[in-house]
Amino acid sequence: MGHAPADAAPEGGRVAFIGVPGLLWDDLDPRDTPRMWELAGQSALGSLSVKAVGTVTCPYDGWLSVSAGVRQAVDRRCGLPPEPIAQGAGAVVPEVPELRATTNGMYAGALGGAVHAAGHCTAAVGRGAAVALADQQGRVDLYASEPAGLSDWTRCRVLAVDVAALVQPYLEDGRLPQEPEVISPEQRRELARQADAEVGAALDRLPADTEVVLAGIGDHGSVPHLRAVLWRRAGTDAVTGEAGPSIGAGSTMRDDLVVLPDITPTLLGAAGITPPSGVVGVPWRLGDPVTPADLVRADVAGTSVRGMTGWFFTAYAILQVAFYVGGRTSCCRSVAGSAWSGPSRSCRPACPSRRTR
């Protein structure tokens, strides 16, 4: 990966990652989600491709991929991450060591392990946050199931908050549904309001100088979407509701699009910690201004293209078959009506030869 050596890492500071699985740019507006809308006005803006291993990414896969800095997955149509086991002021996620023994989870714990190796602690709110910040043994230093339960928001350099209010009602038997949308637009707006309140509860407790990364790190149905991502850091020049710097990365070669594994080195870089060698994501970079409306259109365009792909290849296959059938029929007719002794070389394999008497 060519990361800088550890002693060349920047000084860094406190960084908080807020994951809101299922969050779209279309969910954000000043009326229903005022706290996230205000945050967007202080942040760089971008789209996040949450593809992990399968076609769609459940919340567990999203948090696990942030933990690893590599696309990781639990199984098909998984749901929420497991509940951690309280241990003193912190917690343990026993599934992390187990996942490290599997092909699609072998890099779990890279983010938390790097923070611990640098001599810092981790603080997690919610089960997904615990998965993201657990080290290779599954340990998180401070843990609470909700923002009010975390007594010290200043102790650790790296924090994470899981806001599952938006995606949880979509789950069927604890798993992602096999339909694109299982709730009404009105119900989704209410869920966005609940998620916004939870985000606000976390923002109110963070020290003012905390760098904030907020991302919709998973899908909510059977159709993949580009998810919302915001990055509030010192010196960001943005205007609420109008435009902010775009977020891009070398992984996508785009100025307005990043992928899940890119979150990991971005968080570590903000904390002044060099990413471990197994992390394949690359840190985010800022680009030209972009608006929330631009990013809504990008998701609509991407979803439309994906929807047309299946029809395109089906039509292409039908046309190919029709072409070969038509070619064979024409060839055989040409042979049957010709005066010379037999079919041409190109037609012999397809057309039965006729005996002349």
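This write-up is about the structure you can find in this document.

How each quantity is defined
Residues numbered from 1 in each chain as written. Predicted model: local features only at pLDDT ≥ 70, side-chain atom pairs only at ≥ 80, totals over all residues. Heavy atoms only, no water. Buried < 20%, exposed > 50% of the residue type's maximum accessible area, 1.4 Å probe, protein only. Helix = DSSP H or I, 4+ residues; strand = E, 2+ residues; numbered from the N terminus. Pairing = 2+ DSSP bridges. Contact = heavy atoms within 4.5 Å. Disulfide = S-S within 2.5 Å. Axes fitted to C-alpha atoms, helices over the stretch in contact; angles between N-to-C directions. Parallel < 35°, antiparallel > 145°, perpendicular 65-115°, else oblique. Left-handed = near helix turned anticlockwise from the far one by under 90°. Nonpolar A, V, L, I, M, F, W, Y, C, P; charged D, E, K, R; others polar. Phe/Tyr/Trp six-rings, centres within 6.5 Å; stacked < 30°, edge-to-face > 60°. Salt bridge = Lys/Arg side-chain N within 4 Å of Asp/Glu carboxyl O. Core = buried A, V, L, I, M, F, W, Y, C linked by side-chain atoms within 4.5 Å.

Digging into the pairing of strand β2 (residues 44-49)
Right, on to step 1. Most of β2 is tucked away, with six of its six residues classed as buried.
Right, on to step 2. Here β2 shows no split at all, with Ala44, Gly46 and Leu48 on one side and Leu45, Ser47 and Ser49 on the other all buried.
Right, on to step 3. Of the strand pairs in this sheet, β2 and strand β12 (residues 257-259) are connected by three bridges, and their pairing is parallel. Residue pairing for β12: Ser47 is matched across the bridge by Leu257.

Here we look at the environment of Ser49
Right, on to step 1. By the element assignment, Ser49 lies in strand β2.
Right, on to step 2. Each C-alpha atom, one on Ser49 and one on Val258, is 6.3 Å from the other, the two residues being 209 residues apart in sequence.
Right, on to step 3. For Ser49, the residues in contact, after removing those within four places along its chain, are Leu226, Leu257, Val258, Val259 and Leu260.

Structural notes on helix α4 (residues 110-117)
Right, on to step 1. Burial runs high along α4: six of the eight residues are buried.
Right, on to step 2. Taken as a whole, α4 has its buried residues at Ala110, Leu111, Gly112, Gly113, Ala114 and Val115.
Right, on to step 3. Buried-residue contacts for α4 involve α2 (59-68), β5 (122-125), α5 (127-133), β8 (158-162) and α7 (263-270).
Right, on to step 4. Residue Gly119 follows α4 closely and has a positive phi angle near 90°.

Notes on the state of the cysteines
Right, on to step 1. Tallied over the full model, the rule gives two disulfides.
Right, on to step 2. Cys58 shares a disulfide with Cys78; S-S distance 1.6 Å. Its S-S torsion of approximately -60° makes the covalent link between Cys58 and Cys78 left-handed. Highlighted residues: Cys58 in the loop between β2 and α2 and Cys78 in the loop between α2 and β3 (85-87), separated in sequence by 20 residues.
Right, on to step 3. Under the relative-accessibility criterion, Cys78 is labelled buried at 5%.

So, the packing of α4 against α7
Right, on to step 1. Between α4 and α7, the least distance of the axes is 10 Å, while the angle of their chain directions is 15°. Between α4 and α7, the angle is such that the two are roughly parallel. As α4 packs across α7, the resulting crossing turns out to be right-handed. Along the contact surface, α4 presents Leu111, Ala114 and Val115, while α7 presents Thr264, Leu267 and Leu268.
Right, on to step 2. By residue class, the composition of the contact of α4 with α7 is five nonpolar, one polar and no charged.

Structural notes on the sheet that holds β3
Adjacent strands of a sheet pair through backbone hydrogen bonds, lying either parallel or antiparallel.
Right, on to step 1. Here we have three strands laid out as an open sheet, ordered β3-β4-β6, and antiparallel in their pairing. Two strands lie at the open edges of the sheet, namely β3 and β6 (139-140), each paired on one side alone.

Observations concerning the environment of Ala108
Right, on to step 1. For Ala108, the location among the structural elements is in the loop between α3 (95-99) and α4.
Right, on to step 2. Once the C-alpha coordinates of Ala108 and Ser67 are considered, the two residues, 41 residues apart in sequence, prove to be 5.6 Å apart.

Observations concerning the packing of aromatic side chains
Two numbers describe a pair of aromatic rings. These are the distance of the centres and the angle of the planes.
Right, on to step 1. Taken as a whole and judged by the stated rule, the model has two aromatic pairs.
Right, on to step 2. Summarising the aromatic geometry, the rings of Trp231 and Trp284 are spaced 5.4 Å apart at their centres and angled 75° between planes, so their arrangement reads as edge-to-face. Taken together, the positions of Trp231 in strand β10 (residues 226-232) and Trp284 in the loop between α7 and β13 (285-290) put the pair 53 residues apart, joining distant regions of the chain.
Right, on to step 3. When its relative accessible area of 5% is taken as the criterion, Trp231 is described as buried.
Right, on to step 4. The exposure class assigned to Trp284 is buried, which follows from its relative accessible area of 6%.

Brief notes about the pattern of salt bridges
Right, on to step 1. Throughout the structure, instances matching the rule amount to 15 salt bridges.
Right, on to step 2. With a closest N to O distance of 3.4 Å, Arg14 and Asp209 form a salt bridge. Residue Arg14 is found in the segment before β1 (15-19), and its partner Asp209 is found in the loop between α6 (185-205) and β9 (211-215); the two are separated by 195 residues along the sequence.
Right, on to step 3. Judged by relative accessible area, which is 62%, Asp209 ranks as exposed.
Right, on to step 4. For Asp204, the salt bridge goes to Arg35, with nearest N and O atoms at 3.0 Å.

Some details on the nonpolar core
Right, on to step 1. Grouped together as the largest cluster of nonpolar side chains are 48 residues, with contacts concentrated most on Phe17, Leu48, Val66, Ile217, Ile263, Leu267 and Trp284.
Right, on to step 2. It is α5 that provides the largest number of residues to this core, a total of five residues.
Right, on to step 3. Once you skip the residues sitting within four places of it in the chain, Val66 turns out to touch Phe17, Leu111, Ala132, Leu260, Ile263, Thr264 and Leu267.
Right, on to step 4. The next biggest cluster of nonpolar side chains, apart from the first, holds 38 residues, and it includes Trp25, Ala195, Ala228 and Val290.

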